[in-house]
Amino acid sequence: VQLQASGGGLVQAGGSLRLSCAASGLTFSRYAMAWFRQAPGKEREFVATIGRSKGSTYYAESVKGRFAISRDNAKNTVYLQMDSLKPEDTAVYYCAAKHSIITATYLSLSDYGIWGQGTQVTVSS
């Protein structure tokens, strides 16, 4: 089982990036997916999640209205579209997966048992 995150980089404030997370070795459609981030010297924090059903999304207040999570079950991939980026969005972004037999929202790090390696996002002011 593997999650491979990509798409990070350096962008100016106000810019956009699109992160991707490709999953392998699991039945992707049976997993809730999420993005977390960790800034230097800070704890890893929840960013966004999408349930097995594409309609069930949830966002941290700090990114609501700027970020959008989506998934393509045919490609075993989850995305995070990040617009209007701010310097405080600078962090390593991690994707995570949780096997779910129901449509539910999972917000805690401890809910997720499968993690990707992270991709660095740096927003300059």
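Everything here concerns the structure above.
Residues numbered from 1 in each chain as written. Predicted model: local features only at pLDDT ≥ 70, side-chain atom pairs only at ≥ 80, totals over all residues. Heavy atoms only, no water.

A. Seen up close, unusual backbone geometry. Look at asparagine 76: it is not a glycine, yet its phi comes out positive at around 55°. The topology assignment puts asparagine 76 in the loop between β7 (67–72) and β8 (77–82). A residue is classified by how much of its surface remains accessible, and asparagine 76, at 24% relative accessible area, is partly exposed. We note that serine 84 has phi near 50°; this positive angle belongs to a residue other than glycine. (Helix = DSSP H or I, 4+ residues; strand = E, 2+ residues; numbered from the N terminus. Buried < 20%, exposed > 50% of the residue type's maximum accessible area, 1.4 Å probe, protein only.)

B. Quick peek at the environment of leucine 26. Checked against the element boundaries, leucine 26 lands in the loop between β3 (17–24) and β4 (31–38). Relative accessible area serves as the criterion here: at 11%, leucine 26 is assigned to the buried category. Each C-alpha atom, one on leucine 26 and one on asparagine 76, is 9.0 Å from the other, the two residues being 50 residues apart in sequence. Discounting chain neighbours no more than four positions away, the residues touching leucine 26 are Val1, Tyr31, Asn76 and Ile114. (Contact = heavy atoms within 4.5 Å.)

C. Inspection of the nonpolar core at higher detail. By size, the foremost hydrophobic cluster in this structure holds 39 residues, and its most contacted members are Trp35, Leu80, Met82 and Tyr93. In terms of residue count, the dominant contributor to this core is β4 (six residues). (Core = buried A, V, L, I, M, F, W, Y, C linked by side-chain atoms within 4.5 Å.)

D. Main features of the state of the cysteines. Using the criterion set out here, one finds one disulfide in the structure. Across the disulfide, cysteine 21 is cross-linked to cysteine 95 (sulfur-sulfur distance 2.1 Å). Residues cysteine 21 and cysteine 95 are joined by a disulfide whose S-S torsion is about 60°; by sign, that bridge is right-handed. Here cysteine 21 is found in strand β3, whereas its partner cysteine 95 is found in strand β9 (residues 91–99), with 74 residues between them in sequence. (Disulfide = S-S within 2.5 Å.)

Any link to function would need more than the numbers given here.
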